[in-house]
Amino acid sequence: MRKCILAMLLLRRLKRDKVMEFYCESCETAMCLECTKGEHREHVTVPLRDVLEQHKTQLKTQLDAIRNRLPQLTAAIELVGEISKQLTDRKNEAVTEISSTFEELERALQLRKTALINDLENIYGAKQKVLQAQLSTLLQGKDHIQSSCSFTEQALSHGSATEVLMVQKQMSERVSVMARHDFPEQPHQNAHLDCQVETEGLRRSLQNLGVLITTAAVGHTSVATGEGLRHAATGQHVSITVTTKDKDGELVRTGNAVLRANITPVADGSRCVTEPEVTDNKNGTYEVVYTLRSEGEFSFALSLYGQPVRGSPFRLQAVKPSDVLQSPDDVKRRLKSPGGTGGHVRQKAVRRPSSMFSTKKKENPIEDELIHRVGTRGREKGEFTNLQGISASSSGRVVVADSNNQCIQVFSNDGQFKMRFGVRGRSPGQLQRPTGVTVDMNGDIIVADYDNRWVSIFSSDGKFKNKIGAGRLLGPKGVAVDRNGHIIAVDNKACCVFIFQSNGKLVTKFGARGTSERQFAGPHFVAVNNKNEIIVTDFHNHSVKVYSADGEFLFKFGSHGEGNGQFNAPTGVAVDTNGNIIVADWGNSRIQVFDSAGSFLSYINTSADPLYGPQGLTLTSDGHVAVADSGNHCFKIYRYLQ
């Protein structure tokens, strides 16, 4: 600003001295006739009046463009001001609520104090009444004895023979009675009267009393994903996922955001046809489920704290299920779940298009490549029949549980066969149906044996060392080792997770059959992250659940579907060095990558050699992703960009 003022003053001074009649287009400045012959003699100059109108018009156009932004800024100021006012109101309401709550607690404490003191006085009074009555009896007895003794001693000391003989009989009887009298010499009460007030638990509760709930989520950066934003089949449950973000586009990793969803027909927008159900996954993502009963075009509105989510409202087309476009790959055959022995009949893994309404291929934000494909169907070394679990060691080996061949096969990171061990049988050291496998920090190979109902431990060269879990496990599937050396076994049949010490002593177990946070429906594989948290794939509940090291539920993510972050029966799971969670999506024949809070990040690109029912997952010592491709009877290693 100061430079502009100085320039204007200088220009006015020059105008007083010389007339500015020309304009240099190269230098974009006004000048006098003398200057056109001097320093600007080689520049293109035009009369100043010729460019004046042009510049005026240009400035007016720019001015109009700026002025046109004023209504937008005014509206933004009103909106932000209104949110600021709402925030102040919420703060004042919270202060009032906190104050009234603690005043009520103070009253409750005072009432409890009064009640305790009253009870104390009552107990004290009752005990004292008994003791005082006993004291009175004892004092009275003492007085009688002292009186009798004094009278008798006086008679003996100072009485005449006649007087002694006269009172002898009377005093003898009195002394005999007093000697035989049973006085209450033992206390009829005790002095026990303590007050125990357990304050430690209360203090801890008070330290954690009250939670301030808020998020930094805003609508214009938060995103919604899933086919259910655009298409739906009538009469069917459809779900989409909303991932909340802050003003900088960073993922919000906590729940409790106020998310609203409604669907209205375009032809009659005033009538809401359905009230979608919003589920808070407590990790910054939300699942929105709805069902449309009629065909037509609808407006699907998603708002976060009253502001539209990016792209909202969405244009939603509902059609009959029979009108949904199908491709041959969309035809789903049914069979039993992988590696199981009964019960649940699920869809067979097929390679399908990313959308049930379109066969257009999705773009993958991470362009990874297939490095190695190892194995074919068979029973020889390097061949597989229903391989399931897979694990990698820090020494550069890949260990595979070859389930139907009842053996364990070991390879190098580049796919070279190294060794094979295992004999079919039901005795210790034998394998009946090996499913999960992991390698501990000592290099020992730990194998979950589904049909033998135990976990076997082998040395790095395949020699049997021990078995654990016998008599407790019903059908172990996945297995992992935590940072404390504990062995974590996922019991697929019992729908629970067991944590053992390496010697087989049970540390704890959690889980049961069901759909709630601490329940499972056919859990498959397990991984442990750098926080020692336990990550379990819940096959028939189409989700991944995360627990603390001692089994406390933390959060879950995923829902049934084919969209980003959705699953059709997840199986293998692994965690990279950044805490990102990699999940094998068995029914959708793909691998998805999530951040540590369960927000979808990307896919592993497997298009060069498509998967067919992937199961176990692991990260090799050189940072690549290895997956047991059970339907193709091989394992594959993909370059993984963290």
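Residues numbered from 1 in each chain as written. Predicted model: local features only at pLDDT ≥ 70, side-chain atom pairs only at ≥ 80, totals over all residues. Heavy atoms only, no water.

- Going by the annotation in an unreviewed UniProt entry, the name recorded for the protein chain is RING-type E3 ubiquitin transferase, with Salmo trutta given as the source organism.
- Here the protein chain is described in UniProt, under the heading Sequence similarities (unreviewed entry), as follows: "Belongs to the TRIM/RBCC family."
- Taken directly from UniProt, the Catalytic activity (unreviewed entry) text for the protein chain runs: "S-ubiquitinyl-[E2 ubiquitin-conjugating enzyme]-L-cysteine + [acceptor protein]-L-lysine = [E2 ubiquitin-conjugating enzyme]-L-cysteine + N(6)-ubiquitinyl-[acceptor protein]-L-lysine." (UniProt positions renumbered as here; feature names shortened; annotations may be inferred.)

### Notes on the nonpolar core
Moving on, step 1. In this structure, Phe 300 and Leu 302 are the most contacted members of the largest nonpolar core, which totals 24 residues.
Moving on, step 2. For this core, the elements supplying multiple residues, two or more each, are β6 (238–245), β7 (259–265), β9 (285–290), β10 (296–304) and β12 (314–319).
Moving on, step 3. Apart from residues lying up to four places away in sequence, Leu 302 is in contact with Ala 224, Leu 229, Ile 240, Val 242, Arg 260, Ala 261, Val 288, Gln 307, Pro 308, Val 309, Ser 312 and Phe 314. (Core = buried A, V, L, I, M, F, W, Y, C linked by side-chain atoms within 4.5 Å. Buried < 20%, exposed > 50% of the residue type's maximum accessible area, 1.4 Å probe, protein only. Helix = DSSP H or I, 4+ residues; strand = E, 2+ residues; numbered from the N terminus. Contact = heavy atoms within 4.5 Å.)

### Details of the sheet that holds strand β35 (residues 581–585)
Strand-to-strand pairing in sheets goes through backbone hydrogen bonds, with the strands running parallel or antiparallel.
Moving on, step 1. Pairing in this open sheet of four strands is antiparallel, and the strands run β34-β35-β36-β37 from one edge to the other. At either margin of the open sheet sits one strand with a lone partner, and together these are β34 (570–575) and β37 (600–603). Geometrically, the sheet is characterised by an average inter-axis angle of 25° between neighbouring strands, direction not taken into account.
Moving on, step 2. Summarising the sheet, β35 and strand β36 (residues 590–594) pair through five bridges and their orientation is antiparallel. (Pairing = 2+ DSSP bridges. Axes fitted to C-alpha atoms, helices over the stretch in contact; angles between N-to-C directions.)

### Re a nonpolar patch on the surface
Moving on, step 1. On the surface, Ile 98, Phe 102, Leu 105, Leu 109, Leu 202, Leu 206, Leu 209 and Leu 212 cluster together to form a nonpolar patch covering roughly 740 Å² of accessible area.
Moving on, step 2. Secondary-structure elements contributing two or more residues to the nonpolar patch are α4 (70–158) and α6 (200–207).
Moving on, step 3. The element that contributes the greatest number of residues to the nonpolar patch is α4, accounting for four residues.
Moving on, step 4. You can see Leu 212 is positioned in the loop between α6 and β4 (218–225). (Patch = residues over 30% accessible without salt bridge, like charges linked within 9 Å, V, L, I, M, F, W, Y side chains within 5 Å. Areas by Shrake-Rupley, 256 points an atom, 1.4 Å probe, with all protein chains shown as cover. Salt bridge = Lys/Arg side-chain N within 4 Å of Asp/Glu carboxyl O.)

### Here's the deal with the sheet that holds strand β19 (residues 397–402)
Moving on, step 1. Read from one edge of the open sheet, four strands run β18-β19-β20-β21, paired in antiparallel fashion. Taken across any chain shown, the strands that pair with only one partner, and hence form the sheet edges, are β18 (387–392) and β21 (417–421). Direction aside, neighbouring strands of the sheet carry axes that sit 20° apart on average.
Moving on, step 2. Across six bridges, the pairing between β19 and strand β20 (residues 407–412) is antiparallel. Residue pairing for β20: Arg 397 is matched across the bridge by Ser 412.

### Side note on the pattern of salt bridges
Moving on, step 1. This structure, assessed with the given rule, holds 14 salt bridges.
Moving on, step 2. The closest approach of N and O atoms between Glu 297 and Arg 315, which form a salt bridge, is 2.4 Å. You can see Glu 297 sitting in strand β10 and its partner Arg 315 sitting in strand β12, a full 18 residues away along the chain.
Moving on, step 3. Using a relative accessible area of 49% as the deciding quantity, one classes Arg 315 as partly exposed.
Moving on, step 4. The partner of Asp 444 in a salt bridge is Lys 465, and the shortest N-O contact between them spans 2.8 Å.

### So, a positive patch on the surface
Moving on, step 1. Judged by side-chain charge, Arg 377, Arg 379, Lys 381, Arg 420, Arg 424, Arg 426, Arg 453 and Lys 493 come together as a positively charged surface patch.
Moving on, step 2. Position of Arg 453 relative to the elements: it lies in the loop between β23 (445–449) and β24 (454–458). (Lys, Arg positive; Asp, Glu negative; His and termini not counted. Charge placed at Lys NZ, Arg CZ, Asp CG, Glu CD.)

### Looking at the layout of surface pockets
Moving on, step 1. One number sums up the size of the largest pocket: a volume of about 1,300 Å³.
Moving on, step 2. Considering the residues around the largest pocket, the lining is formed by 30 residues, among which Leu 87, Arg 90, Ile 213, Thr 214 and Tyr 305 are closest to the centre.
Moving on, step 3. Every element with two or more residues in the lining of the largest pocket is listed here: α4 and β4.
Moving on, step 4. Looking at which element gives the most residues to the lining of the largest pocket, the answer is α4, with 13 residues.
Moving on, step 5. In the lining of the largest pocket, the residues fall into 17 nonpolar, nine polar and four charged. (1 Å grid on protein atoms, 1.4 Å probe; cavity = no way out; pocket = protein on both sides within 12 Å on 5 of 7 lines; lining within 4 Å. Points joined across faces, edges and corners; volume = space filled by probe spheres on them. Nonpolar A, V, L, I, M, F, W, Y, C, P; charged D, E, K, R; others polar.)

### As for the environment of Asn 386
Moving on, step 1. Inspection of the secondary structure assignment puts Asn 386 in the loop between β17 (383–384) and β18.
Moving on, step 2. For Asn 386, a relative accessible area of 18% translates into the label buried.
Moving on, step 3. Asn 386 sits 49 residues away from Thr 435 along the chain, and the two C-alpha atoms are 9.4 Å apart.
Moving on, step 4. Separated by 3.4 Å, the side chains of Asn 386 and Asn 404 make a polar contact. (Polar contact = N/O pair within 3.5 Å; in protein donor to acceptor, adjacent residues only side chain to side chain.)

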